[in-house]
Amino acid sequence: MSARLRSLWRALRRRGDFEFEMEDELKFHVEKRAADLMRAGASPEEAMRRARLEFGGLQKHEDECRDARSLNFFDDLRKDVRFGLRGLRKSPAFSVVAVLTLALGFGATTSIFTVVNATMFHPLPYRDESRVMLLRENDARRNGNDTISVPYPDFLDWRAQSHSFSQMAVARNLNFAVTGVGEPEQVDGFAVSPNFLSLLGVQPLIGRDFSPDEEKQGTAPVVMLSYAYWQSHYGGSPSVLGQTILLYGRAYTIVGVLPQNFYYISRAAIWAPVGIWVQFYMERGNHDDTDVIARLADGVTPSQAQSEMGGIAARLAKQYPATNTGEGVSIKPIRDEFVGDSKSAVLILFGAVVFVLLIACVNVANLSLVRGVSRSKEIALRIAIGASRGRLIRQMLTESLLLSAIGGGLGLAVAVWSLRGLAKLIGDDGVMGIPIRMDGNVFGFAAAMIFLVALMFGMIPALHALRPEVRSSLQESGRGSTGGARQNRLRGILVVAETALALVLLAGAGLMMKSLYLLLHVNGGFDPSQTYTMFLNLGSTRYKTDASQLGFWREIIPRLQALPGVESAAIGTNVPLTDDHDRTDITLLDRPTPGPSQFPHPDLHYVSPDYFRTLKIPLLRGRTFTEMDSATTAPVAVINETAATRLWPDGNALGKQFIFGHPNDKQKPITIAGVVADTRLYGLGKPARLEVYTPIDQQVPNHAAVVVRSKIEGPTLAAEIRGAVSSLDKDEPVVGFTTMNQLLSDWESTRRETLILLELFSGLALVLASIGIFGVVSYNVAARTNEIGIRIAMGAQRRDVLRMVLSHGAKLAIAGVGIGLVAALGLTQLLSGLLYGVKAYDPATHAAVGALLISVALLACYIPARRAMRVDPMIALRHE
């Protein structure tokens, strides 16, 4: 025995593979030999002396062992790493494939986590943001699912009566026309309570905050500027304080500049105290772009605040039944407002890339198992000479960690490159105004993933390789072995797992693709081709009366229609796909008066006569407006088909009358003159609502969108339109020039971007799963070459060999598809918020992706099957 061990020792030392373990292994066998001698009757001293003589040189190795024990952890790690690198160099094909596979998985996961980090974890520029709540009203007439802005009088009552909040402030979105310097410019802005910034814990970069007195009516016109506007228009000069800026022709004094990182909903340029306009906001029931933010008092939970605000809303409903009946209060953390609809899409994509990473890990684990077959004899010999299983596991995990670290490094490079594409998909503003870039959270996540992935794909092969006894490992590693039935089963299980994961991703992508196809074929009720829109706001002192506003609209429309290439032009307060809306209750004069919260509540559109012709909105019954529908004629209206069928189910809406508001408002009756097709104001995926159109002569707006149908390209047309507006009023800015097709594209951007990325990740998962099936079947064919040769020599037909190999791969694929279909039925429910016209358990889609995956799997099996068919039985028999 000792001679064989010494021979083995010398062979292993020549190979240089186990130089760090030989001292412990030799000592183990010396002690074992000494124990045998003691059982034969030798004293302990004599047994150790004779054992030492049999295994010469032990003292030297004991000294080396003693020195080794004094080495610290990092020296041991350095040795393990050096040994692991040498092992990876000996298997270049395995190392390259494993590293590239992991790099793809790491790159996709890290890039999407960068977006998740910006969405979920990047701190908002507010003090203790988790205590800041956004309050809105919800309307029982819409089942409480949607929220609406808060009338200013309701805000005052909330602030006075609530005790759950330490502070409460209002923010009302405004548009400002900056005039007096060069070309007029319209910018976004907010009118806010003076405590708005202090509630958020924000201090001006320079200058002062608004004072409490500036909430009162008649306050002096003062503003603060955003950092970006200060830099772009004033060069970042501190002398901006005290200067004036003309907004709609009125001078405002600049008193401060906000910090660079500050934003609220949007990066507004101008901030002003609400007191300047408060006299116009005192109409209870006027829901017009007003939000309320509040900071929870110490010790108060959001649910407690919700309960208190519900009681306040109930009291207001009793006090003001005409305006507040049926209205409640919605409370949510302010981060939820910033995240918006992107949260679900981002989380879905993150789940998808995690699946891709899992598939990559399974592939690498399978490769490691195959590699482990070739190393089984080596591992068995190391165990035979006394290497501990823990020591071998540590060494194999070190190799896995090296692979994972190299793959992670390349993955970071892939992530940096892919972030450029993500930035183009998401837009220049990033997520919630936060730029998408890698930071400490991202690098920490990447480091954690490297360690976790190393354990995931390293531990299974390591434990699996060390489970069998030495004798069975040597037998399975012999000539003609396939690595053992146990290892074959494990490799098959891993392939089934990655096939199931791939099917879940493919099912999600298939559902999104079908949903987007259906959405793009929804009839929006208008023709967006060659149609442009822009926004005009008559906010200056020149347009204080209805007559002055109507005069502008009547002047500008003919000027736009006279431009070269313009087929028609019109104005409308709320055009499709813009989400801008005005609403009010209406009373149907041919029906009984409903309860306080049961009045129809349609969207209102004030339009010029050519509005329907310009957008090509089909007229279904009756007529549209003409120039004869003026302020001196009987009021008329056009309604959409949804309003006609819901309000008059018998289909006889023409000639019916209604009034705006409630019966005691004493308004003139409005007669329905026509019915037009539904348009989608809130996007193609949203159902049509009740819509009422009135002519601008009878309901004069002070702001409107201009719609133009023209054959001229956008930039040229935009310049022509700006020139026409400037010729009428040089201080009136033209804002938001865009095409209706672009609005259509913007509305579906979240679905489209999610679909593109899901398709990308699904395609990657499909490729990885195919590679996994290909690898397992190829290895199986190579290992069974002798068996296949014998079968052919004994009369088996080559088609039988083909069937045998394909059936092996098909069984794995079918098992994976079956498990994947069950998982997909549950997991694709997460997509339901992004789907349109298709259910998350759509049978046709799941069947199609299952058939696709099986077909690709069979194709992956065909190449090794063809190789098996070409086996020469004589060569196989001679080798046997």
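Please refer to the structure placed before this passage.
Definitions and limits used
- Residues numbered from 1 in each chain as written.
- Predicted model: local features only at pLDDT ≥ 70, side-chain atom pairs only at ≥ 80, totals over all residues.
- Heavy atoms only, no water.
- Helix = DSSP H or I, 4+ residues; strand = E, 2+ residues; numbered from the N terminus.
- Buried < 20%, exposed > 50% of the residue type's maximum accessible area, 1.4 Å probe, protein only.
- Contact = heavy atoms within 4.5 Å.
- Areas by Shrake-Rupley, 256 points an atom, 1.4 Å probe, with all protein chains shown as cover.
- Polar contact = N/O pair within 3.5 Å; in protein donor to acceptor, adjacent residues only side chain to side chain.
- Axes fitted to C-alpha atoms, helices over the stretch in contact; angles between N-to-C directions.
- Parallel < 35°, antiparallel > 145°, perpendicular 65-115°, else oblique.
- Left-handed = near helix turned anticlockwise from the far one by under 90°.
- Salt bridge = Lys/Arg side-chain N within 4 Å of Asp/Glu carboxyl O.
- Nonpolar A, V, L, I, M, F, W, Y, C, P; charged D, E, K, R; others polar.
- Core = buried A, V, L, I, M, F, W, Y, C linked by side-chain atoms within 4.5 Å.
- Expected span 1.5 Å × (residues − 1).
- Arc of directions from axis to C-beta.
- Pairing = 2+ DSSP bridges.
- Phe/Tyr/Trp six-rings, centres within 6.5 Å; stacked < 30°, edge-to-face > 60°.
- Lys NZ or Arg CZ within 6 Å of the ring centre and 35° of its normal.

Engineer: Please clarify how the overall build of the chain should be interpreted in this entry.
Structural biologist: Along the backbone of the chain there are 27 helices and 23 strands. Burial status across the chain gives 53% buried among its 880 residues. In the chain, the share of contacts with a sequence separation of at least 24, taken over all contacts with a separation of at least 6, comes to 80%. If you sum the accessible surface of the chain, you get close to 39300 Å²; carbon and sulfur atoms cover 58% of it.

Engineer: Help me out: how do you make sense of the environment of glutamate 732 in this one?
Structural biologist: Positionally, glutamate 732 belongs in the loop between helix H21 (714-728) and strand E23 (735-739). Leave out the neighbours within four places in its chain, and glutamate 732 touches Pro184, Leu536, Asn537, Leu538, Phe552 and Val725. There is a polar contact of 3.1 Å between the side chain of glutamate 732 and the backbone nitrogen of asparagine 537.

Engineer: What is the right way to look at the environment of isoleucine 245 in this model?
Structural biologist: Inspection of the secondary structure puts isoleucine 245 in strand E7 (residues 244-247). Here isoleucine 245 falls in the buried class, since its relative accessible area comes to 4%. Each C-alpha atom, one on isoleucine 245 and one on valine 181, is 9.1 Å from the other, the two residues being 64 residues apart in sequence. Dropping the residues within four chain positions of it, isoleucine 245 is found in contact with Val178, Val223, Tyr229, Tyr234, Arg250, Ala251, Tyr252, Ile254 and Ile270.

Engineer: Honestly, the packing of helix H7 (residues 152-161) against helix H10 (residues 302-319) in this entry has me stumped. Any pointers?
Structural biologist: For any two helices packed against each other, one specifies the inter-axial angle together with the distance between the axes. At a closest axis distance of 11 Å, the pairing of H7 and H10 adopts a crossing angle of 130°. Considering their axes alone, H7 and H10 lie oblique with respect to each other. In this structure, the crossing between H7 and H10 has a hand that is right-handed. Residues Asp154, Asp157, Trp158 and Gln161 of H7 form the contact with H10, whose participating residues are Glu308, Met309, Ile312, Arg315 and Leu316.

Engineer: When you look at the pattern of salt bridges in this model, what are you seeing that I'm missing?
Structural biologist: Note that side chains of opposite charge can pair when their charged atoms are close. Enumeration according to the criterion identifies 19 salt bridges in this entry. A salt bridge links arginine 208 to glutamate 214; the nearest nitrogen and oxygen atoms lie 2.9 Å apart. Exposure remark for glutamate 214: the relative accessible area of 6% places this residue in the buried category. Measuring nitrogen to oxygen at the nearest pair gives 3.8 Å for the salt bridge that ties aspartate 590 to arginine 591. Aspartate 590 gets classed as partly exposed once you look at its relative accessible area, which sits at 34%. Salt bridges sharing partners connect three or more residues here, namely Asp154, Asp157 and Arg284.

Engineer: For this particular structure, what's the right way to read the packing of helix H25 (residues 798-827) against helix H26 (residues 843-869)?
Structural biologist: Remark: H25 packs on H26, axes separated minimally by 8 Å, with the N-to-C direction vectors making an angle of 155°. Considered as vectors, H25 and H26 are oriented roughly antiparallel to each other. Crossing of H25 over H26 shows right-handed handedness. Within the contact of H25 with H26, the residues separate by chemical class into 20 nonpolar, 3 polar and 1 charged.

Engineer: Quick question: what am I supposed to make of the nonpolar core here?
Structural biologist: If you look at soluble globular proteins, the nonpolar side chains tend to sit buried side by side. Core analysis: the largest hydrophobic core is formed by 70 residues, its most contacted members being Ile112, Val453, Phe457 and Phe761. Going through the elements one at a time, helix H6 (92-121), helix H13 (342-384), helix H14 (389-426), helix H15 (440-466), helix H17 (485-520), helix H23 (749-783), H25 and H26 are the ones with two or more residues in this core. The element that contributes the greatest number of residues to this core is H13, accounting for 16 residues. The contacts of phenylalanine 457, once residues within four sequence positions are left out, are Leu102, Cys361, Val364, Ala365, Ser368, Ser400, Leu403 and Ser404.

Engineer: Teacher, can you tell me more about H25 here?
Structural biologist: Side chains of residues three or four places apart in an α-helix project in the same direction, reflecting 3.6 residues per turn. In this model, H25 (30 residues) spans 42 Å end to end at C-alpha, consistent with the 44 Å of a helix rising 1.5 Å per residue. Buried residues of H25: Val801, Leu802, Val805, Gly809, Ala810, Leu812, Ala813, Gly816, Val817, Gly820 and Ala824, and no others.

Engineer: What exactly am I supposed to notice about helix H18 (residues 546-561) here?
Structural biologist: In a regular helix each residue adds 1.5 Å, so 16 residues correspond to 22 Å; H18 covers 23 Å between its end C-alpha atoms and thus fits that length. All of the buried residues in H18 are Gln549, Leu550, Phe552, Trp553, Ile556, Ile557 and Leu560. On an axial view of H18, the arc spanned by its buried residues comes to 155°, and they lie on one face. For H18, the secondary structure elements touched by its buried residues are strand E12 (531-537), strand E13 (566-572), strand E22 (703-710) and H21.

Engineer: Which parts of the structure should I look at to understand the pairing of strand E16 (residues 603-607)?
Structural biologist: Regular strands have side chains that alternate between both faces of the sheet. Taking burial as the measure, the 5 residues of E16 include 5 buried ones, the bulk of the element. Across the two faces of E16 the burial is the same, with Asp603, His605 and Val607 and Leu604 and Tyr606 all buried. Where strand E14 (residues 582-583) meets E16, 2 bridges bridge the pair, whose relative direction is antiparallel. Directly across from aspartate 582, in E16, lies its bridge partner leucine 604.

Engineer: How should I be thinking about the side chain of aspartate 629 in this particular structure?
Structural biologist: Here aspartate 629 is to be found in the loop between strand E17 (619-622) and strand E18 (636-640). Taking the relative accessible area as the measure of exposure, aspartate 629 reaches 6% and is therefore buried. Side-chain polar atoms of aspartate 629 contact the side chain of arginine 623, separated by 3.0 Å. Of the polar contacts made by the side chain of aspartate 629, one reaches the backbone nitrogen of threonine 626; its length is 3.0 Å. Discounting residues that sit within four places of it in the chain, aspartate 629 has contacts with Arg623, Thr624, Val636, Pro695, Asp697 and Gln698.

Engineer: Got a minute to help me understand unusual backbone geometry in this structure?
Structural biologist: Most peptide bonds take the trans configuration, and most residues that are not glycine carry a negative phi. Backbone geometry places glutamine 530, a non-glycine residue, at a positive phi of 55°. Structurally, glutamine 530 can be placed in the loop between H17 and E12.

Engineer: What should I look at first to understand the packing of aromatic side chains in this one?
Structural biologist: One pass over the full model with this rule turns up 22 aromatic pairs. A centroid spacing of 5.5 Å and a plane angle of 65° characterise the contact between phenylalanine 262 and tryptophan 271, whose relative ring orientation is edge-to-face. Side by side, phenylalanine 262 and tryptophan 271 carry an identical accessibility label, which is buried. Ring plane angle 15° and centroid distance 5.6 Å describe the contact between tyrosine 532 and phenylalanine 737, whose orientation is recorded as stacked. Placement of tyrosine 532 in strand E12 and of phenylalanine 737 in strand E23 is noted, with a sequence separation of 205 residues between them. The exposure class of phenylalanine 737 is partly exposed, given its relative accessible area of 21%. Every member of this aromatic cluster is reached through a ring pair, and the members are Tyr126, Phe190, Phe196, Phe262, Tyr264 and Trp271. Lying across the ring of tyrosine 320, arginine 284 places its NZ or CZ 3.7 Å from the centre.

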